[in-house]
Structures are given as C-alpha cells and as structure tokens.
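Observations on the model geometry
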Amino acid sequence: MTCCCPHDVSANRLFSAVAHRYRKRFIRRGLEKSQQQLLSGLRQTGYKNATILEIGSGVGHLHQTLLELGASTAVGIDLADKMIIEARDWSTQRGLDTRANYLQGDFLMMDASILSADLVMLDKVVCCYPDAEALVRRSLVKTNRIYALTYPRNRWYVRFGVVIGGLLMRLVGSAFRPYFHNPVQIEAWILSHGFIKVYEATTPVWLSQVYSKTM
C-alpha cells in the first residue's frame with residue numbers, strides 16, 4: 001500500500017532524496033551511537049532465531065545487521081520508496097535477500113495485513129508520526145516478545161530543534177513535520193500492553209529503550 005495523505009507524500013519525497021546518502025554513510029561508519037545502544041539492549045533480551053518487523057526501516061542496515069548476527073527473518077516497512085529500493089539492493093549484496101522482505105507504505109494503513117514478529121523495532125520513527133499513540137499501540141499488537149525503539153529525549157534543546165525543523169519544512173513547502181512526543185506517555189502506553197522495560201540508554205538527543213513482553 002502506498003502513501004496517500006500530504007504528510008506521507010512529503011515524507012516519501014524527503015527521505016527518498018537522502019536514501020542513497022544514508023546507505024553510503026552506513027557503509028563508511030556503521031551503526032549510529034543510538035543504534036549501537038539499541039543493539040546492546042537487544043543482546044540482553046536475545047534475538048537469535050527471532051523474526052523481526054522493523055517499522056521505518058530506512059535502508060535496512062539495523063535489521064540486516066541483526067540477521068547477520070543470527071536473527072531469522074525480517075520484514076522492513078518504510079514510507080520512502082527509494083529507501084526500500086536501497087534496502088532491497090543492499091540485502092541482496094549482503095546475501096540476505098531470501099531472509100528479508102520489504103514493503104513500501106504507511107504502517108498505520110497496512111497493519112491489518114502485517115504478521116506479528118518476535119521483535120518489533122521503531123528506530124527514530126515515533127518522531128515522524130503525528131499520531132504516536134496509534135503507531136505505538138498498533139505496533140505493540142504485532143509484538144510477540146521484544147519491543148525496541150529510539151525516539152527524542154525530553155530536553156529543551158530537543159523540543160526547540162523539533163520546532164525549528166517544523167518551521168523549515170513549512171518554509172520549503174513540505175507537508176512533512178517532525179514531532180516531539182512525551183517519553184513518559186510513550187512508556188505508559190507500552191507498559192499498559194503488558195511489557196516491562198529491560199534496557200534504556202541515551203545520547204544527547206536520543207532515548208533508546210528495549211521492552212520484554214510479560215503476558
């Protein structure tokens with residue numbers, strides 16, 4: 001299913017424009033600090049032989065790395081068609097194409113057709129959605145065991161950066177907006193679905209958390 005609303009169309013355009021640069025950056029530098037932290041948390045919960053669903057998967061480096069480290073299969077979903085193209089090509093180059101599948105579109109529009117997975121990841125995705133509660137709650141329903149996400153910290157400079165980012169998007173005529181969602185509220189949504197927090201780490205901007213299902 002493809003994008004339809006102005007926000008999704010603009011997000012597709014914006015992130016497609018930088019997709020190849022994202023891939024080149026990962027090839028040169030590897031995982032970002034926040035992604036390294038997320039991986040550390042996942043090592044504690046265990047991801048060997050796990051099925052993965054990554055929402056907002058970008059060029060695929062995070063879940064492809066997990067596949068190389070012993071995860072079973074992965075499904076990546078992203079709004080940007082060029083991100084999906086890069087992810088498919090990279091999975092083929094890394095010999096992972098039989099274990100990784102990719103879908104282009106908005107998860108909230110297609111979640112009814114998406115199978116659940118042992119591990120669900122949202123790396124820097126919550127801040128791209130206006131309706132964070134719907135995204136979090138509906139992705140939790142797809143989670144069999146482990147829920148991992150990275151999103152902005154509650155710091156004045158982070159909130160200020162989100163505001164400035166929104167103004168810049170408006171100035172260039174884009175309907176896409178970044179969003180700040182309160183981490184306390186996000187954690188409350190996750191805990192209410194029967195999860196416990198087993199890992200947390202931060203960078204100056206990002207908060208990475210891993211949760212395990214208890215029931």
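Refer to the structure presented above.
The model shown is predicted, which means the values in this text are computed figures rather than measured ones. (Residues numbered from 1 in each chain as written. Predicted model: local features only at pLDDT ≥ 70, side-chain atom pairs only at ≥ 80, totals over all residues. Heavy atoms only, no water.)

Some thoughts on the nonpolar core
Selection rule: As used here, the term nonpolar core means buried Ala, Val, Leu, Ile, Met, Phe, Trp, Tyr and Cys residues forming a set that is joined through side-chain atoms within 4.5 Å. Three exposure classes are used, based on accessible area relative to the maximum for each residue type with a 1.4 Å probe and protein chains only: buried under 20%, partly exposed in between, and exposed over 50%. Runs of E in the DSSP output that reach at least two residues are strands. Runs of H or I that reach at least four are helices, and both are numbered from the N terminus. Throughout, a residue-residue contact means that at least one pair of heavy atoms, one from each residue, lies within 4.5 Å.
One finds Ile-55, Leu-122, Val-126, Leu-135, Tyr-147, Leu-149 and Ile-190 to be the most contacted residues of the largest nonpolar core, which totals 27 residues. Put simply, the parts of the chain that give this core at least two residues each are strand 1 (51–55), helix 6 (107–110), strand 4 (117–123), helix 7 (132–141), strand 5 (143–152), helix 9 (183–192) and strand 7 (206–213). With five residues, the single largest contributor to this core is helix 7. If sequence neighbours within four positions are ignored, Ile-190 has contacts with Val-136, Leu-140, Tyr-147, Leu-149, Phe-195 and Tyr-211.

What to know about the packing of helix 2 (residues 19–29) against helix 5 (residues 81–93)
Let me state the cut-off plainly: Between the N-to-C directions of two axes lies an angle of 0 to 180 degrees, each axis being a line fitted to C-alpha atoms and, for a helix, fitted only over the stretch in contact. With the far helix as reference, a near helix turned anticlockwise by less than a right angle produces a left-handed crossing, and one turned clockwise produces a right-handed crossing. Classification convention: Asp, Glu, Lys, Arg as charged; Ala, Val, Leu, Ile, Met, Phe, Trp, Tyr, Cys, Pro as nonpolar; all other residues, Gly among them, as polar.
At a minimum axis separation of 8 Å, helix 2 and helix 5 run at an interaxial angle of 35°. Viewed along their axes, helix 2 and helix 5 form a crossing whose handedness is right-handed. Within the contact between the two elements, helix 2 uses Ala-19, His-20, Tyr-22, Arg-23, Phe-26 and Ile-27 and helix 5 uses Lys-82, Met-83, Glu-86, Asp-89, Trp-90 and Gln-93. Across the contact of helix 2 with helix 5, the residue classes break down as six nonpolar, two polar and four charged.

A short note on the sheet that holds strand 1
Quick note on the threshold: Note on pairing: DSSP must find at least two bridges between two strands before they are called paired.
The strand order across the open sheet formed by seven strands is 3-2-1-4-5-7-6, and the pairing between neighbours is mixed. On the outer flanks of this sheet lie strand 3 (100–104) and strand 6 (195–202), each paired with one strand and no other. Geometrically, the sheet is characterised by an average inter-axis angle of 15° between neighbouring strands, direction not taken into account. As paired strands, strand 1 and strand 2 (residues 73–78) are joined by five bridges and run parallel to one another. In the strand pairing of strand 2, Ile-55 is matched with Ile-77. Where helix 3 (residues 33–45) meets the sheet, its contacts fall on strand 4, strand 5, strand 6 and strand 7, and the angle it forms with strand 7 comes to roughly 15°. Packed onto the sheet, helix 4 (residues 61–68) meets strand 1, strand 2, strand 3 and strand 4 and runs at close to 145° relative to strand 4.

Notes on the layout of surface pockets
To find leftover empty space, one rolls a probe the size of a water molecule over the atoms. For clarity, the threshold we go by: Put plainly, a pocket is an open set of points on a 1 Å grid over the protein atoms alone with protein on both sides within 12 Å along at least five of seven lines, a cavity is a set where a 1.4 Å probe fits but cannot get out, and a lining residue has an atom within 4 Å of a point. Grid points are joined across faces, edges and corners, and a volume is the space filled by probe spheres set on the points.
In this model, the largest pocket occupies a volume close to 790 Å³. What lines the largest pocket is a set of 40 residues, among which Phe-15, Tyr-22, Asp-123, Lys-124 and Cys-128 lie closest to the centre. Contributions of two or more residues to the lining of the largest pocket are made by helix 1 (6–17), helix 2, strand 1, helix 4, strand 2 and helix 8 (156–171). By residue number, the principal contributor to the lining of the largest pocket is helix 8, which donates six residues. The residue inventory of the lining of the largest pocket, partitioned by class, reads 26 nonpolar, nine polar and five charged.

Quick look at the pairing of strand 1
Buried residues dominate strand 1, accounting for four of its five residues. Bridging between strand 1 and strand 4 involves three bridges; their strand directions are parallel. Bridging from a neighbouring strand, Leu-53 pairs with Val-120 of strand 4.

Comments concerning the pattern of salt bridges
Note the cut-off: The term salt bridge refers to a side-chain nitrogen of Lys or Arg lying within 4 Å of a carboxyl oxygen of Asp or Glu.
Under the defined criterion, the tally for this structure stands at nine salt bridges. Salt-bridge contacts for Glu-200 lead to Lys-197; the nearest nitrogen and oxygen are separated by 2.8 Å. Classification of Glu-200 as partly exposed rests on a relative accessible area of 40%. Taking relative accessible area as the criterion, Lys-197 reaches 34% and is therefore assigned partly exposed. Ionic contacts of the salt-bridge type, sharing partners, join the residues Arg-23, Glu-86 and Asp-89 into one network.

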